[in-house]
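Summary of structural features
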Amino acid sequence: QVRLVESGGGLVQPGGSLRLSCAASGSIFTINAMGWYRQAPGKQRELVAVMVSGSTTNYADSVKGRFTISRDNAKNTVYLQMNSLEPEDTAAYYCNAYVTTTWGTVPLAYWGQGTQVTVSS
């Protein structure tokens, strides 16, 4: 089994910054990709940023230039540095990882429980 635990959400004023963290643990052989999604009330879950094996990254157009994804492979942890936050960034943020476990051969998707980010004055 694989567990993803997020932290770092909270309430911040417009223009402020937050840093999210997501640590993966469990029967991990390799992590093929880690990333962040978000879901605002009444909207579909959307990709925010993802980092695949190595350093290839992909960002949603709405966060380019403001958010930065990074990864500590030794700690199986992914981070999302969010700067210049806007009220439109308010959502529940979910960590996602594609993991090949020690007992499997095909990468499977795992999700964290979510952390709330609220941008408001």
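Below you will find a few notes about this structure. (Residues numbered from 1 in each chain as written. Predicted model: local features only at pLDDT ≥ 70, side-chain atom pairs only at ≥ 80, totals over all residues. Heavy atoms only, no water.)

What follows covers the overall build of the protein. The number of helices and strands found in the protein is zero helices and eleven strands. Along the protein, helices (α) and strands (β) appear in the sequence β-β-β-β-β-β-β-β-β-β-β when read from the amino end. Against the globule reference of 14 Å for 121 residues, the protein gives a C-alpha radius of gyration of 14 Å, in line with a compact fold. The dimensions of the protein, computed from C-alpha atoms along their principal axes, are 50 × 25 × 25 Å. Within the protein, buried positions represent 41% of all 121 residues. (Helix = DSSP H or I, 4+ residues; strand = E, 2+ residues; numbered from the N terminus. Rg over C-alpha atoms; globule rule 2.2 N^0.38 Å. Buried < 20%, exposed > 50% of the residue type's maximum accessible area, 1.4 Å probe, protein only.)

Strand order across the open sheet formed by four strands is E1-E3-E8-E7, with antiparallel pairing between neighbours. Of all the strands in the sheet, just strand E1 (2-7) and strand E7 (67-72) have a single pairing partner and so form its edges. Strand-to-strand twist of the sheet, defined as the mean angle between neighbouring strand axes without regard to direction, takes the value 15 degrees. Pairing analysis gives six bridges linking strand E3 (residues 18-26) to strand E8 (residues 77-82), with the strands arranged antiparallel. (Pairing = 2+ DSSP bridges. Axes fitted to C-alpha atoms, helices over the stretch in contact; angles between N-to-C directions.)

Turning to the pairing of E3, a few remarks are in order. Looking at chain direction, E1 and E3 are connected through six bridges and run antiparallel. The residue bridging Ser7 from the neighbouring strand is Ser21, located in E3.

A separate point is the environment of Gln113. Examined against the element boundaries, Gln113 turns out to sit in the loop between strand E10 (108-111) and strand E11 (115-119). For Gln113, a relative accessible area of 52% puts it in the exposed group. Each C-alpha atom, one on Gln113 and one on Ala24, is 12 Å from the other, the two residues being 89 residues apart in sequence. Among all residues touching Gln113, those that are not within four sequence positions of it are Leu4, Val5, Glu6 and Tyr94. (Contact = heavy atoms within 4.5 Å.)

Our next topic: unusual backbone geometry. Unusually for a residue other than glycine, Asn76 sits at a positive phi of about 50 degrees. Tracing the backbone shows Asn76 in the loop between E7 and E8. Looking at Asn76, the relative accessible area reads 24%, which means it is partly exposed. A positive phi is found at Ser84, a non-glycine position, where the angle reads about 50 degrees. Its location among the elements puts Ser84 in the loop between E8 and strand E9 (91-101).

Per the counting criterion, the structure on display carries one disulfide. With its sulfur 2.0 Å from that of its partner, Cys22 forms a disulfide with Cys95. Between Cys22 and Cys95, the S-S dihedral sits near -80 degrees, and the bridge is therefore left-handed. Of the two residues, Cys22 sits in strand E3 while Cys95 sits in strand E9, which places them 73 residues apart along the sequence. When sorted by exposure, Cys22 lands in the same class as Cys95, which is buried. (Disulfide = S-S within 2.5 Å.)

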